[in-house]
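Architecture at a glance
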2 protein chains.
Amino acid sequence: MGNARLQALRNNMKKEGVDVYYLNTSDYHMSEYVPEYFKTIAYFSYFTGSLATLLVTLNDAFIFVDGRYHNQADKQCLKNGVKVIKLGLKGSLEPIDFIKKYFANAVVGIDGKRTSMAFGKQLEDNHIAIKSIDLYSDIIENRAPLSSDRIYELSEEFTGLSRKKKIELITHCLGNKCHIVSNLESIAYLLNLRSSDILYTPVFLAYLVILDKKIYLFVDDKRFDETTLNKLHEDGVILFRYDEFYSFLANVVDKNIIIDENKVNYEIFNCIKDNNTVICNRSIIEDMKSIKNDVEQANIRLAHIYDGVAMLRFLMWLDNVDKSQYNEYQIARMIDKSRLNYKAFDLSFSSIVSYNENAAIIHYSPSKENSKQLDNHGILLMDTGGQYLYGTTDITRTVALGEVEPEVKKAFTLVLKSMFNISELKFIKGLSGNQIDVLARQDLWAHGYDYRHGTGHGVGYALSVHEGPPNIRWMHTEVKTEEVELKNGMVFSDEPGVYLDNKFGIRCENLLLCKNDYENEYGQFMKFETLTLVPFDLNLIDMNYMDDKTIKALNNYHEKVYITLLPYLNDTEAKYLKYLTRKI
Amino acid sequence: MGNARLQALRNNMKKEGVDVYYLNTSDYHMSEYVPEYFKTIAYFSYFTGSLATLLVTLNDAFIFVDGRYHNQADKQCLKNGVKVIKLGLKGSLEPIDFIKKYFANAVVGIDGKRTSMAFGKQLEDNHIAIKSIDLYSDIIENRAPLSSDRIYELSEEFTGLSRKKKIELITHCLGNKCHIVSNLESIAYLLNLRSSDILYTPVFLAYLVILDKKIYLFVDDKRFDETTLNKLHEDGVILFRYDEFYSFLANVVDKNIIIDENKVNYEIFNCIKDNNTVICNRSIIEDMKSIKNDVEQANIRLAHIYDGVAMLRFLMWLDNVDKSQYNEYQIARMIDKSRLNYKAFDLSFSSIVSYNENAAIIHYSPSKENSKQLDNHGILLMDTGGQYLYGTTDITRTVALGEVEPEVKKAFTLVLKSMFNISELKFIKGLSGNQIDVLARQDLWAHGYDYRHGTGHGVGYALSVHEGPPNIRWMHTEVKTEEVELKNGMVFSDEPGVYLDNKFGIRCENLLLCKNDYENEYGQFMKFETLTLVPFDLNLIDMNYMDDKTIKALNNYHEKVYITLLPYLNDTEAKYLKYLTRKI
């Protein structure tokens, strides 16, 4: 029957005539990471993972989690009266299909502000009776408050384009269409503002409406200092309180409104659909944001120098200690410290440090309580990144802690080759990430390996480390969604891997900047510039699996790392880097 | 004002109240190649190319041709009162846009039986007044008759699947839906029948309707011998005359009818649209046809042995003659003879033989009157193929006739590498040709080369040499059409090239069979088996552009060619092949 918290929720359900209550891990803005305030599922189910759906009935409760959380959910939820639906296993239904099968005639309660418009419409399309109501807020005790941290301006020296010009651009593109923006990265980008409402992503909770060429921003104005507030007024931004947003929407009438149905909540859709024409489209701001201008590009290069120095200092430390004295969690904190003690203002995500077989779990992140002790052999995978005013980094290195098996070296060498197959590509304008992904996998496929994730994601500028819409990922012809052309100024990760269950995991990741090269009779040629500046572990290379092209690419890369970082290093560091970047 | 033939057409137009008359190079079946009977455009415009659109007004006439025909159309048409619209040049309008711009309020006459349903609907969507009428047949003198050649059966030894089983399969898939098939290859495939109505493609003019699990075939029954006719009856095929098809359609009522709007004509659509529900979909027969069964695969291997022997004999002859004594046309006929004197019953297309700069014209085909004389230097591109009862071949080899420039060798080596990049690929099931094309181009792009055609097309079995729906071709994200997964049993060409205007053209082409390889935890792996068995010219290789992988692939390929062809050769031929296939 479940725990006391669930019982309280069920009492609310009975009062309101709700048969099934739907909860997810989202905030009001469909964010990837969310403020503490929104960790509702953790309160009711005791599940602490980052992504889940909870369905509570009057007698039962079901949590839906993906492969990385199957075991964790079992441990945390079963004893608290919540059954675990393991997505990805044969026969496991997705929440929508579960509802369709078992609750087709029930009243399904949702919090419309935390449910995407797309999901709400799916329920509607299946003729499910929806009641949009918050049944949980009066129950949760000691709830973390929403942030009231200072919202600060990122000046043109960092953004390369003033708020005024960005506003001119977007209002020009929209013409007389209205655009409702709820995505936090898009708002922060457009207004050149940042804050710290969400761990690892320097955004702030706000809504934005572009209506009749005016910008309406919904956020508490006490969060700005006076200078910023004045500048916002000067640039024509009209401020309302965060909680005035939904009532404001009632004033939007007879408009063509552009919204992204996966990025706005169902409540927004309900507020506008009757009085306006709704156009479901990706926000133009996302396209603007994905293309980094010249100033941003120059800054990003600097961010990667800082990041490279921080990583080098950590690697030098690691090289000189007895690994058996540390566990994964402690190593992760050492990397974090190295960044935060230098130039980073935050990490860009929770550092992944995984030893040997733990690295085969793709989304593994070590916790203080549950973390593997290292030893002076085997391999360590470290996927980490920093937030800088100069940009956002994301880098994976896999290093030997001592002796390793031949299969590890073979796999590492193939992964390294796969990474360079993308970064060394010259290609013709017009291609999408779906069309080049095969280059990263061909050498792995030739040996029967593959990896169950994309080759690359977009990366924000002092924003989200995972940024759409472009990516590098092949999609099955049957599930294919919209594709985005690879364009001059886009930044991608390039991160192939090999993961052998219960054995080891390897990933090599550099960030790449997509750039125009020369033009000839065939069209505009494009290339990638590698941004990341951290050496690869030469001890893991098996020359039997290298080819001339990759050797050349690796040596060139290492020379670039050495030359670029040198001015920032002391003599000991420089000597160590020289050794790490030696020619093979 | 044009020629006398056009004037006669205009007289008919005036009588019928038609302002603009639209003619194209199609037959009733939207075929790639058409019978002589349908060469209407040649009659009125004197243009002899294979693809064009003619628009005749009361005072003017315009012919629309693509890049390969710009010069030819100028020469043939201008003096006959027809203006040439050169498609692909800036500002040149496609016929549909030309009509929209200049004849929006005119009555446009078309022959609905020779206009695709898709084009007819485009006219309708643009509110163009259409009059479907044949205004040309009473004018054309000495018109070639439609074929009455014998239609013969391809036995199960060749097809691997009886007509009865194919019919069972298609009627099972369709359920109670009706399917109208006008595509000649699909009809020939489904019924295991062949004839010679169209040059190079052994099909026959017919329509086919699948209705209430019955098969109706519209073709003159005098074209079968008695045995075949009896077998058709036994298998439940109901025969009507070719000209009874359109009146038959009036009996199809209250059905869901599947048609492919690009493969049926506008007249068919008009006959059925009012009484039925039209479902526009690719024919299931095309998908069946694209996957070659085990018997077909074994036969195709044999076809390529025969083709390899014929090509080898030709290459040996060429090696021993003074090239300056021959022109392109004569060489083409020597290749044709070598095939037809051995095992081929026809060619699979008009042989392309092009010397030096002529090879830079991708669709060049030498004519008797206009053909370049060879010499004992430079390179010769030969793209040729044969029709066998055992399958259809298509092969391109580029060979040195003597000394060649270093750039030629560089380009040839890169093209060869590009070809092997596809054929050596191991990949995971689920990919489409759009996603692997980049592998063939990466080494060319790295040197600023590209080619303006797809990397590969599907190939029929004793049918059309260009067979859809699958192909190997990247599509721009903005123009992308439906993609087809690469599947076990599909046959593709693999034909990258380099074409430098006024200098030279190079293409290397092998046919590949797509096959399942092993399965492991990542899924089903796939690979290609090379079918073509003809050596590449080692004199054209520049080792500076080779890598170990390509050298290995080439040596393995040449060894396979030698071993496989050996039993079919006499001592001189064997010795010559051994030399051609020597290890590098």
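Residues numbered from 1 in each chain as written. Chains lettered and ligands numbered in written order. Predicted model: local features only at pLDDT ≥ 70, side-chain atom pairs only at ≥ 80, totals over all residues. Heavy atoms only, no water.

**Looking at the overall build of chain A**
Rules: Helix and strand definitions here come from DSSP, where helices need a minimum of 4 consecutive H or I residues and strands a minimum of 2 consecutive E residues; each element is numbered from the N-terminal end. For the radius of gyration, the atoms used are the C-alpha atoms, and the globule rule reads 2.2 Å times the number of residues raised to 0.38. Partly exposed residues are those whose accessible area sits between 20% and 50% of the maximum for their type, while under 20% is buried and over 50% is exposed, using a 1.4 Å probe and protein chains only. Contacts between residues were defined by any pair of non-hydrogen atoms, one from each residue, lying within 4.5 Å. Values of accessible area rely on a 1.4 Å probe in the Shrake-Rupley scheme; residue burial ignores everything except the protein chains shown. Counted as positive: Lys and Arg. Counted as negative: Asp and Glu. His and the chain ends are not counted at all. The atoms used to mark charge sites are NZ of Lys, CZ of Arg, CG of Asp and CD of Glu.
Along the backbone of chain A there are 18 helices and 28 strands. Expected size for 584 residues packed as a compact globule is a radius of gyration near 25 Å; at 25 Å, chain A falls within 12% of this value. Taking the principal axes of its C-alpha atoms as reference, chain A extends roughly 70 × 55 × 45 Å. Here chain A, with 584 residues, has 59% of them falling under the buried criterion. Considering only intrachain contacts with a sequence separation of at least 6, the fraction spanning at least 24 residues in chain A is 67%. When the accessible surface of chain A is totalled, it reaches about 23,400 Å², and 48% of it is carbon and sulfur. Here chain A contributes 68 positively and 79 negatively charged side chains, and the mean placements of these two sets differ by 1 Å.

**Notes on the nonpolar core**
Selection criterion: Nine residue types can take part in a nonpolar core, namely buried Ala, Val, Leu, Ile, Met, Phe, Trp, Tyr and Cys, and a core is a set of them joined through side-chain atoms within 4.5 Å.
Core analysis: the largest hydrophobic core is formed by 162 residues, its most contacted members being Ile436 of chain A together with Ile436 of chain B. Ignoring sequence-local partners within four residues, the contact set of Ile436 of chain B consists of Val438 of chain A together with Ile422, Leu425, Leu431, Ile472, Leu486 and Phe528 of chain B.

**Digging into the relation of the copies chain B and chain A**
Selection rule: Superposition of the copies was done by least squares, using only C-alpha atoms of residues whose pLDDT is at least 70 in both.
Overlaying chain B with chain A gives an RMSD of 0.1 Å, the required rotation being 180° about an axis along which the chain moves by 0.0 Å. Here the transformation between the copies is reduced to the relation of a two-fold axis. Measuring from the rotation axis to each C-alpha of chain B, the shortest distance belongs to Gln435 of chain B, at 2.3 Å. Comparing contact sets, 100% of the residues at the interface of chain B also lie at the interface in chain A, consistent with an isologous, same-surface contact.

**Observations regarding unusual backbone geometry**
In terms of backbone geometry, most residues other than glycine have negative phi values and most peptide bonds are trans. Put simply, Gly468 of chain A and Pro469 of chain A share a cis peptide bond, and its omega is -5°. Of note, Ala462 of chain A is a non-glycine position whose phi angle comes to about 45°, a positive value. Positioned with a positive phi, His127 of chain B is a non-glycine residue whose angle comes to about 55°. By the element assignment, His127 of chain B lies in the loop between helix H5 (117-125) and strand E6 (129-132).

**Let's talk about the sheet that holds strand E19 (residues 391-392) of chain A**
Residue and element names in this part refer to chain A. The following threshold applies: Between any two strands, pairing holds if DSSP finds at least two bridges. Here an axis means a line fitted to C-alpha atoms, over the contact stretch when the element is a helix, while the angle between two N-to-C directions is reported on a 0 to 180 degree scale.
Pairing is antiparallel across the open sheet formed by 3 strands, whose spatial order is E15-E18-E19. Either end of the sheet is taken by a strand with one partner, and the two such strands are strand E15 (346-347) and E19. Both strand E18 (residues 386-388) and E19 contribute to a ladder of 2 bridges, which runs antiparallel. Across the sheet, residue Tyr388 finds its bridge partner in E19, namely Gly391. Each of E18 and E19 touches helix H13 (residues 294-319); the most contacted strand, E18, lies at about 135° to it.

**So, the sheet that holds strand E20 (residues 395-400) of chain B**
Residue and element names in this part refer to chain B. With antiparallel pairing, the 3 strands of this open sheet are ordered in space as E16-E17-E20. Either end of the sheet is taken by a strand with one partner, and the two such strands are strand E16 (352-355) and E20. Along the sheet, successive strands turn relative to each other by an average axial angle of 10°, direction set aside. Note that E16 and strand E17 (residues 379-384) share 4 bridges and pair antiparallel. For Ile352, the partnering residue across the bridge sits in E17 and is Asp383. The strands touched by helix H14 (residues 328-340) within the sheet are E16, E17 and E20, with E16 carrying the most contacts at an inclination of about 145°.

**Focus on helix H8 (residues 184-191) of chain B**
One full turn of an α-helix is made of 3.6 residues, so residues set three or four places apart face in the same direction. Residues and elements named next belong to chain B. The element H8 is largely enclosed, with a buried count of 8 among its 8 residues. For H8, every residue scored as buried is listed here: Leu184, Glu185, Ser186, Ile187, Ala188, Tyr189, Leu190 and Leu191. Downstream of H8 by a residue or two, Asn192 has a phi angle that is positive, lying close to 55°.

**As for the interface of chain B and chain A**
We apply this condition: Buried area is a sum: the accessible area each of two parts loses on coming together, probed at 1.4 Å, counted once for each and added. Whenever Lys or Arg places a side-chain nitrogen within 4 Å of a carboxyl oxygen from Asp or Glu, that contact is recorded as a salt bridge. Nitrogen and oxygen atoms within 3.5 Å of one another constitute a polar contact, given that in protein one can donate a hydrogen and the other can accept it, and given that sequence-neighbouring residues count only through two side-chain atoms.
Contacts between the two partners involve 37 residues from chain B and, on the opposite side, 37 residues from chain A. Both sides together, the interface formed by chain B and chain A hides about 3,000 Å², and carbon and sulfur atoms give 55% of it. The tally of links between chain B and chain A comes to 0 salt bridges. Joining chain B to chain A, the criterion identifies 12 residue pairs in polar contact (both at pLDDT 80 or more).

**As for the pairing of E20 of chain B**
All names here are of chain B. Most of E20 is tucked away: 6 of the 6 residues are buried. The two faces of E20 match: Ile395, Arg397 and Val399 on one face and Thr396, Thr398 and Ala400 on the other face are all buried. Summarising the sheet, E17 and E20 pair through 6 bridges and their orientation is antiparallel. Looking at the pairing, Thr384 lines up with Ile395 of E20.

**Describing empty space enclosed by the protein**
Residues and elements named next belong to chain A. Note the cut-off: For cavity detection a 1 Å grid was placed over the protein atoms alone, and a set of points counts as a cavity when a 1.4 Å probe fits there but cannot get out; an open set counts as a pocket when protein lies on both sides within 12 Å along at least five of seven lines, with lining residues being those that have an atom within 4 Å of a point. Grid points are joined across faces, edges and corners, and a volume is the space filled by probe spheres set on the points.
Per the stated rule, a full pass over the model turns up 7 cavities of 30 Å³ or more. The volume enclosed by the largest cavity comes to roughly 70 Å³. Around the largest cavity, the lining residues are His179, Ile180, Val181, Ser182, Asn183, Ser186, Ile259, Asp260, Lys263, Val264, Ser283 and Glu286. No other element matches strand E8 (residues 178-181), which puts 3 residues into the lining of the largest cavity.

**Section: the packing of helix H17 (residues 548-565) of chain A against helix H18 (residues 571-580) of chain A**
Residues and elements named next belong to chain A. Selection rule: For this classification, under 35 degrees means roughly parallel, over 145 means roughly antiparallel, 65 to 115 means roughly perpendicular, and everything else is oblique.
Where H17 contacts H18, the two axes come as close as 9 Å, and the packing angle between them is 170°. Considering their axes alone, H17 and H18 lie roughly antiparallel with respect to each other. From H17, His558, Val561, Tyr562 and Leu565 reach across to H18, where they touch Ala574, Leu577, Lys578 and Leu580.

**As for the pattern of salt bridges**
Residue and element names in this part refer to chain A. Here the structure, examined in full by the defined rule, presents 70 salt bridges over all chains. In this structure, the salt-bridge partner of Lys83 is Asp60, at a minimum N-O distance of 2.8 Å. Taken together, the residues Lys83 in strand E4 (residues 83-86) and Asp60 in the loop between strand E2 (53-57) and strand E3 (61-65) connect sequence positions 23 residues apart. By relative accessible area, Lys83 is classed as partly exposed at 41%. Note that Asp336 is salt-bridged to Arg333, the shortest N-O span being 2.9 Å. Here Arg333 and Asp336 lie together in helix H14 (residues 328-340), a separation of 3 residues that amounts to about one turn. The exposure class assigned to Arg333 is partly exposed, which follows from its relative accessible area of 26%.

**With respect to the confidence of the model for chain A**
In regions of low pLDDT, the predicted coordinates are not meant to be interpreted in detail. Quick reminder of the rule: Each residue carries a pLDDT score, the predictor's own confidence in it, on a scale running from 0 to 100.
When pLDDT is averaged across chain A, the result is 96; 100% of the residues are at 70 or more. Interface confidence in the predicted complex, given as ipTM, is 0.92; pTM for the same model is 0.94.

**Examining the packing of aromatic side chains**
Note the following rule: By convention, a stacked pair of Phe, Tyr or Trp rings (six-membered ring in the case of Trp) has centres within 6.5 Å and planes under 30 degrees apart, an edge-to-face pair has planes over 60 apart, and any other such pair is tilted. In this scheme, Lys NZ or Arg CZ marks a charge over a ring once it lies within 6 Å of the ring centre and within 35 degrees of the ring normal.
Applying the stated criterion across every chain yields a total of 66 aromatic pairs over all chains. Seen from their ring centres, Phe240 of chain A and Phe248 of chain A are 5.5 Å apart, and the 55° between their planes marks the pair as tilted. Plain terms: the ring middles of Tyr33 of chain B and Tyr200 of chain B are 6.5 Å apart, the flat faces sit at 80° to each other, and that makes the pair edge-to-face. Here Tyr33 of chain B, found in the loop between strand E1 (20-24) and helix H2 (40-45), pairs with Tyr200 of chain B, found in the loop between strand E9 (193-194) and strand E10 (207-211); they are 167 residues apart in sequence, far enough to count as distant. Taken together, the aromatic side chains of Tyr207, Tyr216, Phe218, Phe240, Tyr242, Phe245, Tyr246 and Phe248 of chain A make up a single cluster linked through ring pairs. The aromatic ring of Tyr189 of chain B is capped on one face by Lys166 of chain B, whose charged end is 3.6 Å from the ring centroid.

**Quick word on the packing of helix H16 (residues 433-445) of chain A against helix H16 (residues 433-445) of chain B**
Quick note on the threshold: Working rule for handedness: look at the near helix, and if it is turned counterclockwise from the far one by less than a right angle, call the crossing left-handed; if clockwise, right-handed. Gly falls in the polar group here, along with every residue not listed as nonpolar (Ala, Val, Leu, Ile, Met, Phe, Trp, Tyr, Cys, Pro) or charged (Asp, Glu, Lys, Arg).
Axis separation between H16 of chain A and H16 of chain B bottoms out at 7 Å; the angle between their running directions is 65°. Here H16 of chain A and H16 of chain B pass one another in a crossing that is right-handed. On the side of H16 of chain A, the interface is formed by Asn434, Gln435, Ile436, Val438, Leu439 and Gln442 of chain A, while H16 of chain B contributes Asn434, Gln435, Ile436, Val438, Leu439 and Gln442 of chain B. Looking at the contact of H16 of chain A with H16 of chain B residue by residue, the class counts come to 6 nonpolar, 6 polar and no charged.

**Remarks on the environment of Asp537 of chain A**
All names here are of chain A. Checked against the element boundaries, Asp537 lands in the loop between strand E28 (523-530) and H17. The sequence separation of Asp537 and Asn502 amounts to 35 residues, and the corresponding C-alpha distance is 23 Å. Excluding residues that lie within four positions of it along the chain, Asp537 makes contacts with Thr398, Val399, Ala400 and Phe412. Polar contacts involving the side chain of Asp537 include one to the main-chain amide nitrogen of Asn539, which spans 2.9 Å.

**What about the environment of Asn270 of chain A?**
All names here are of chain A. Considering the arrangement of structural elements, one finds Asn270 in helix H11 (residues 266-272). As a C-alpha pair, Asn270 and Leu249 span 21 residues in sequence and 9.9 Å in three-dimensional space. A polar side-chain atom of Asn270 sits 2.9 Å from a polar atom in the side chain of Lys273.

**Considerations on the side chain of Asn24 of chain A**
All names here are of chain A. Residue placement: Asn24 occurs in strand E1 (residues 20-24). You can call Asn24 buried: its relative accessible area is 11%. A polar contact of 3.0 Å, which involves the side chain of Asn24, links it to the backbone nitrogen of Ser26. For Asn24, the side chain forms a polar contact with the main-chain oxygen of Arg114, separated by 2.8 Å. With residues up to four places along the chain from it excluded, the contact list for Asn24 reads Ile41, Ala52, Thr53, Arg114 and Thr115.

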